[in-house]
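# Structural features, examined
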Amino acid sequence: MGGLDALRQCNFLNWLREERQSRKLILFIVFIALLLDNMLLTVVVPIIPSYLYNLDESTAVLKNNTLSQQGAPGAFNSIVSLYDNTVRTSGSNMTTRSADLVPTAPTAAAPPQNSSDCPKANSMLLNENVKVGMLFASKATVQLITNPFIGPLTNRIGYQLPIFIGFCIMFLSTIMFAFSSSYALLFLARSLQGVGSSCSSVAGMGMLASVYTDDEERGHAIGIALGGLALGVLVGPPFGSVMYEFVGKTAPFLILAFLAISSLYIVFLKCMFLSLQTQKGTPLLTLMKDPYILIAAGAICFGNMAIAMMEPTLPIWMMETMCARKWQLGVAFLPASISYLIGTNIFGTLAHKMGRWLCALIGITIVGISVLCVPFAKDIYGLILPNFGVGFAIGMVDSSMMPIMGYLVDLRHVSVYGSVYAIADVAFCMGFALGPSIGGSIAENIGFPWLMTIIGIVDIFFAPLCIFLRNPPGQEEKIAILMDTNCSMKTRSYSTQGTYYQGEDMDPEYEDYD
């Protein structure tokens, strides 16, 4: 039996060695990585503002009770004698008959400071904008710092190992979120998640760009992968708010930790046949000087900055103006999540036909208009249409700009994608780093409506810059290679009736990558 099991295991490993070159398996791994990363990213959105507010309120009440007990007169300054039924006052020789004491009416229990579920617009609630904003921004800030190192690293060692490390760090961060009960530990867990996200997102997008060399296929594949991101954003806030309301803070993070450790097994088997990258890519600084890459990165940054500003400030604004319950704080983001999922799947393919520059231009403009409409909502139902517009438009921007980053490298630089997707991830992180930190301060000082007005106007003014991406110049020999590659890929696709290529059918660039 032992020999039979060993044979089965050997056959399984041989199958895995063959399937490791399957583009479907690679796409699935990237999909799962983005799904779990963004579920953890957004599951905290409805939990953290309410949890920190309750934590600070409990601390303040405990502090006030301690001070009142210290300032009150001694609890035992009157002593009742059971022998002669007299009352003696400590510190004096005065004695009174208990019968002479006038019974005092029982004082009614003081009502709680906040008897309703509606937090008052006090300084404590306003201060939560800054604390929550800094906590949310910590992940993106750390990811922003880590990305310039992860991008060139993937150019040297390949993409599998960084994805595996990203899953491990994601699991550790999730466990810390589950059992942290202080602001400092939550801040550390959120920052640690930034390192894992940098590994998984940069390596994942670079891997997809390497195995999908045809521009149209690459856009479709990245659209599917961004569907994992969208699904994580879709499920995260309502999942977190419902679990927090009816089960507790720990439950949603334990479930995510279980999903992460389960996915680690697949990624581990994928990494068993690790090989080094052999082709040297364009230096990161050279890519950062490319104006067309900078415009595409700016579109990603400003498009996502709108939702990044809303994540820490919208729940607090809802608590203040709408008396929103805990579960409503996450459900409010549901329209944006659903529409983002729809947008990435539609425009992953459609953007190639209509022009990715035009898709991004329209998307950023819709983001700006939708954000301007958010402060006019009077209840949670009034947020449905603006949030739907924000999510759908960001889906348009991401599904068009992520593929164009790889296309710009193919057109103007060496076709190695780790560094350029590090730049794309830096742009994404800048939106989610500057958005919550700056947005929290602006909301505290001049109010949430003015915050939405500012970011809406910025998006509308940035949108016309996408026109420059309509026909970016490239090296003539690179253009000829791209045209020849696209034609050969389409011919092979027709001859195989749309099947994926494995073994000898894989693109030569991917064989170098393995």
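The name recorded for the protein in an unreviewed UniProt entry is Solute carrier family 18 member 2, from Labrus bergylta. In UniProt, the protein has this text filed under Subcellular location (unreviewed entry): "Membrane".

## Description of the overall build of the protein
Along the protein, the regular secondary structure elements total 18 helices and three strands. Scored against the burial criterion, the 514 residues of the protein give a buried share of 54%. A separation threshold of at least 6 residues defines the contact pool for the protein, and within that pool the share at least 24 residues apart is 86%. Element-wise, carbon and sulfur atoms account for 67% of the exposed surface of the protein, whose accessible area totals about 23,000 Å².

## Some details on the pattern of salt bridges
Following the criterion strictly, the structure yields four salt bridges and no others. Of the charged contacts, one joins Asp290 and Arg412 as a salt bridge, the two residues approaching to 2.8 Å between their closest N and O atoms. Here Asp290, found in the loop between α9 (284–288) and α10 (291–321), pairs with Arg412, found in helix α14 (residues 384–412); they are 122 residues apart in sequence, far enough to count as distant. An identical accessibility class is assigned to Asp290 and Arg412; each is buried.

## Quick look at empty space enclosed by the protein
The tally for this structure, following the rule as stated, stands at five cavities of 30 Å³ or more. As a volume, the largest cavity reaches approximately 210 Å³. Taken together, 20 residues make up the lining of the largest cavity; nearest its centre are Val233, Ile307, Glu311, Tyr340 and Phe432. Every element with two or more residues in the lining of the largest cavity is listed here: α2 (23–43), α7 (215–246), α10, α12 (334–354), α14 and α15 (418–445). Looking at the lining of the largest cavity residue by residue, the class counts come to 13 nonpolar, five polar and two charged. The volume enclosed by the second largest cavity comes to roughly 170 Å³. Considering the residues around the second largest cavity, the lining is formed by 19 residues, among which Leu34, Ser201, Leu229, Met402 and Asp425 are closest to the centre. Secondary-structure elements contributing two or more residues to the lining of the second largest cavity are α2, α4 (123–157), α6 (183–211), α7, α14 and α15. Looking at the lining of the second largest cavity residue by residue, the classes come out as eleven nonpolar, four polar and four charged.

## Points about unusual backbone geometry
The phi dihedral of Cys323 is positive, around 55°, even though this residue is not glycine. With respect to the helices, strands and loops of the structure, Cys323 is situated in the loop between α10 and α11 (326–331).

## So, the nonpolar core
A general feature of soluble globular proteins is that nonpolar side chains tend to end up buried together. Counting 124 residues, the largest nonpolar core has Leu314, Met318, Leu383, Met401, Met405, Tyr421 and Met452 as the members making the most contacts within it. Element by element, the count of residues in this core is highest for α10, at 19 residues. Among residues more than four places away in sequence, those in contact with Met452 are Met309, Met310, Val371, Leu372, Val374 and Pro375.

## Some points on α10
Counting along an α-helix, one turn takes 3.6 residues, and residues three or four places apart therefore face a common direction. When the terminal C-alpha atoms of α10 are compared, their 43 Å separation across 31 residues agrees well with the 45 Å that a helix rising 1.5 Å per residue should span. Maximal helix bending in α10 amounts to about 40°, located at Glu311; proline Pro312 follows within four positions. Of all 31 residues that make up α10, 26 are buried, and the element is covered over most of its length. N-cap assignment for α10: the residue whose side-chain oxygen lies 3.0 Å from the backbone N of Tyr292 is Asp290. Backbone geometry just after α10 places Cys323 at a positive phi near 55°.

## Observations regarding the packing of α2 against helix α5 (residues 160–179)
At a minimum axis separation of 11 Å, α2 and α5 run at an interaxial angle of 25°. In this view, α2 runs roughly parallel relative to α5, as classed from their interaxial angle. Helix-helix and strand crossings are classified by hand; for α2 and α5 the assignment is left-handed. Note on element contacts: α5 touches α2 through Ile163, Phe167, Met170, Ser173, Thr174 and Phe177, opposite Ile29, Ile32, Ala33, Leu36, Asp37 and Leu40. Among the residues making up the contact of α2 with α5, the classes are represented as nine nonpolar, two polar and one charged.

## Focus: the environment of Leu434
With respect to the helices and strands, the residue Leu434 is situated in helix α15. Of the residues examined, Leu434 reaches a relative accessible area of 35% and is grouped as partly exposed. Setting aside anything within four residues of it in sequence, one finds Leu434 in contact with Met305 and Gly439.

## A short note on the packing of helix α13 (residues 356–373) against helix α16 (residues 448–462)
The contact between α13 and α16 brings their axes to 8 Å, and the two run at 160°. On the basis of their axis angle, the class for α13 and α16 is roughly antiparallel. Of the two elements, α13 crosses α16, and the hand of that crossing is left-handed. Where α13 approaches α16, its residues Ile364, Thr365, Val367, Gly368, Ile369, Val371 and Leu372 are matched on the opposing element by Met452, Thr453, Ile455, Gly456, Asp459, Ile460 and Phe462.

## Examining α7
Here α7 is 32 residues long and its end C-alpha atoms lie 46 Å apart, about the 46 Å a rise of 1.5 Å per residue gives. Approximately 30° is the largest bend angle found in α7, and it occurs at Gly236, with the proline Pro237 only one to four residues beyond. The element α7 is largely enclosed, with a buried count of 23 among its 32 residues. A side-chain oxygen of the first residue of α7 lies 3.3 Å from the backbone nitrogen of Glu216; this N-cap is Asp214. Two residues or fewer after α7 comes Gly248, characterised by a positive phi angle close to 140°.

## A word on the packing of aromatic side chains
Summed over the entire model, instances satisfying the criterion amount to seven aromatic pairs. Judged by centre distance (4.8 Å) and plane angle (35°), the ring pair of Phe428 and Phe432 falls under tilted. Here Phe428 and its partner Phe432 are both found in helix α15, four residues apart, which amounts to about one turn of the helix. Overall, Phe428 belongs to the buried group, its relative accessible area being 10%. Grouped by ring-pair contacts, the aromatic residues Phe347, Phe388 and Phe392 constitute a single cluster. The lysine or arginine in question, Lys131, covers the ring of Tyr183, its NZ or CZ lying 5.0 Å from the ring centre. Above the face of the Tyr51 ring, Lys249 is positioned so that its terminal group lies 5.2 Å from the ring centre.

## Structural notes on the side chain of Thr146
Relative to the assigned elements, Thr146 resides in helix α4. A polar side-chain atom of Thr146 sits 2.7 Å from the main-chain carbonyl oxygen of Val142. Excluding residues within four positions of it along the chain, Thr146 makes contact with Val195 and Ser198.

Reading the values: rules and limits
- Residues numbered from 1 in each chain as written.
- Predicted model: local features only at pLDDT ≥ 70, side-chain atom pairs only at ≥ 80, totals over all residues.
- Heavy atoms only, no water.
- UniProt positions renumbered as here; feature names shortened; annotations may be inferred.
- Helix = DSSP H or I, 4+ residues; strand = E, 2+ residues; numbered from the N terminus.
- Buried < 20%, exposed > 50% of the residue type's maximum accessible area, 1.4 Å probe, protein only.
- Contact = heavy atoms within 4.5 Å.
- Areas by Shrake-Rupley, 256 points an atom, 1.4 Å probe, with all protein chains shown as cover.
- Salt bridge = Lys/Arg side-chain N within 4 Å of Asp/Glu carboxyl O.
- 1 Å grid on protein atoms, 1.4 Å probe; cavity = no way out; pocket = protein on both sides within 12 Å on 5 of 7 lines; lining within 4 Å.
- Points joined across faces, edges and corners; volume = space filled by probe spheres on them.
- Nonpolar A, V, L, I, M, F, W, Y, C, P; charged D, E, K, R; others polar.
- Core = buried A, V, L, I, M, F, W, Y, C linked by side-chain atoms within 4.5 Å.
- Expected span 1.5 Å × (residues − 1).
- Bend = angle between axes of the 7 residues up to and from the residue.
- Polar contact = N/O pair within 3.5 Å; in protein donor to acceptor, adjacent residues only side chain to side chain.
- Axes fitted to C-alpha atoms, helices over the stretch in contact; angles between N-to-C directions.
- Parallel < 35°, antiparallel > 145°, perpendicular 65-115°, else oblique.
- Left-handed = near helix turned anticlockwise from the far one by under 90°.
- Phe/Tyr/Trp six-rings, centres within 6.5 Å; stacked < 30°, edge-to-face > 60°.
- Lys NZ or Arg CZ within 6 Å of the ring centre and 35° of its normal.

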